[in-house]
Amino acid sequence: NHHLEAVWGSGPDNIIAVGGSGGVLRYDGFANTCGNGSPWCPEDPGTTTHLRGIWGSGANDVFVVGDGGTILHYDGSWSPMTSPTTEALKAVWGSGPNDVFAVGFNGTIVHYNGADWNLLDSPVGSDLYSVWGASPTDVYAGGWMGTLLRYDGASWTVVDLGTDVAPEAFVDAA
């Protein structure tokens, strides 16, 4: 059993969940594909690091990020990628296979250009937990205490949420 952190799919018969201890489960829609009586099959990504985020441009182009700056790529098999950080990465998103962003602890933002991952300048030092975009020049990252950043294709800036939104509203009360 794995603590699952993130789920992504290229379609109804290809869904991947990732989580603790390098846990990767793949759903293919067919019962007992892997001989365990379930359509969810465990895969070995080659790490026991806690995996926290997943995104793909297609079934054979999937990126996974996790603790210690871990970045994995799936192109039919799992392989590690060289990461420019040792900070935990929490989320990953891309506009395509050659334009992928990952964010994480201490304001860490990294970008994949199709060849290499590079550390980008971040205007904050607070933890970032999510990333999403509408295009390569319209990307958002969210994080601790209401932090919201926007990337315009050249640089990241802090989004002013206005006076109506108190950072305390984003703190988990549990």
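On a predicted model such as this, the values are computed, not experimentally measured, just so you know.

Criteria and cut-off values
- Residues numbered from 1 in each chain as written.
- Predicted model: local features only at pLDDT ≥ 70, side-chain atom pairs only at ≥ 80, totals over all residues.
- Heavy atoms only, no water.
- Helix = DSSP H or I, 4+ residues; strand = E, 2+ residues; numbered from the N terminus.
- Rg over C-alpha atoms; globule rule 2.2 N^0.38 Å.
- Buried < 20%, exposed > 50% of the residue type's maximum accessible area, 1.4 Å probe, protein only.
- Pairing = 2+ DSSP bridges.
- Axes fitted to C-alpha atoms, helices over the stretch in contact; angles between N-to-C directions.
- Contact = heavy atoms within 4.5 Å.
- Polar contact = N/O pair within 3.5 Å; in protein donor to acceptor, adjacent residues only side chain to side chain.
- Phe/Tyr/Trp six-rings, centres within 6.5 Å; stacked < 30°, edge-to-face > 60°.
- Lys NZ or Arg CZ within 6 Å of the ring centre and 35° of its normal.

Caption draft 1: Just the overall build of the protein chain, in detail. The helix and strand inventory of the protein chain stands at 0 helices and 16 strands. Taken against the 2.2 N^0.38 rule, which gives 16 Å for 174 residues, the C-alpha radius of gyration of the protein chain at 17 Å falls within 12% of a compact globule. In terms of overall dimensions, the protein chain has a C-alpha envelope of 55 × 40 × 30 Å along the principal axes. The proportion of buried residues among the 174 residues of the protein chain is 43%.

Caption draft 2: Quick look at unusual backbone geometry. Positioned with a positive phi, Ser 21 is a non-glycine residue whose angle comes to about 55°. Its place among the elements puts Ser 21 in the loop between strand 2 (14–19) and strand 3 (24–27). Exposure remark for Ser 21: the relative accessible area of 52% places this residue in the exposed category. The phi angle at Asn 106 is positive, at roughly 55°, despite the residue not being glycine. As for its placement among the helices and strands, Asn 106 is situated in the loop between strand 10 (99–104) and strand 11 (109–112).

Caption draft 3: Layout of the sheet that holds strand 9 (residues 89–96). Reading across the sheet, the 4 strands line up as 9-10-11-12 and stay open at both edges, with antiparallel pairing between neighbours. The open sheet is flanked by strand 9 and strand 12 (117–119), the only strands paired with a single partner. Looking at each pair of strands side by side, their axes are set apart by 20° on average, direction ignored. Direction of pairing for strand 11 relative to strand 12: antiparallel, over a ladder of 3 bridges. Paired with Tyr 112 across the strands is Trp 117, a residue of strand 12.

Caption draft 4: Region of interest: the sheet that holds strand 1 (residues 4–11). Judged by pairing direction, the sheet is antiparallel, and its 4 strands sit side by side in the order 1-2-3-4 without closing on themselves. The open sheet has two edge strands, strand 1 and strand 4 (40–43), and neither has a second partner. With strand direction ignored, the average angle separating the axes of adjacent strands in the sheet is 25°. In this structure, strand 1 lies alongside strand 2, joined through 6 bridges in antiparallel fashion. Within strand 2, the position partnered with Gly 11 by the bridge is Asn 14.

Caption draft 5: Quick peek at the pairing of strand 2. Counting buried residues along strand 2, 5 of its 6 residues qualify, which places the element largely inside the surrounding structure. Following strand 1, the chain reverses through 2 residues before pairing antiparallel with strand 2. Of the pairings in the sheet, the one linking strand 2 to strand 3 comprises 4 bridges and is antiparallel in character. Bridging from a neighbouring strand, Ile 15 pairs with Tyr 27 of strand 3.

Caption draft 6: Representation of the environment of His 50 in the model. Its place among the elements puts His 50 in the loop between strand 4 and strand 5 (51–58). Using a relative accessible area of 19% as the deciding quantity, one classes His 50 as buried. Leave out the neighbours within four places in its chain, and His 50 touches His 3, Glu 5, Gly 19, Gly 20, Ser 21, Gly 22, Gly 66 and Asp 67. Polar contacts involving the side chain of His 50 include one to the side chain of Glu 5, which spans 3.0 Å.

Caption draft 7: Fine view of the packing of aromatic side chains. For the coordinates displayed, the defined rule picks out 9 aromatic pairs. Here the aromatic rings of Trp 55 and Phe 63 are separated by 6.3 Å at their centres, their planes lie at 20°, and the arrangement is stacked. Under the relative-accessibility criterion, Phe 63 is labelled buried at 0%. What links up through ring pairs into an aromatic cluster is the set Trp 55, Phe 63, Tyr 112 and Trp 117. In this arrangement the basic side chain of Arg 26 is found over the ring face of Tyr 74, its NZ or CZ atom lying 4.4 Å from the centre.

Worth remembering: the numbers are spatial, not functional.
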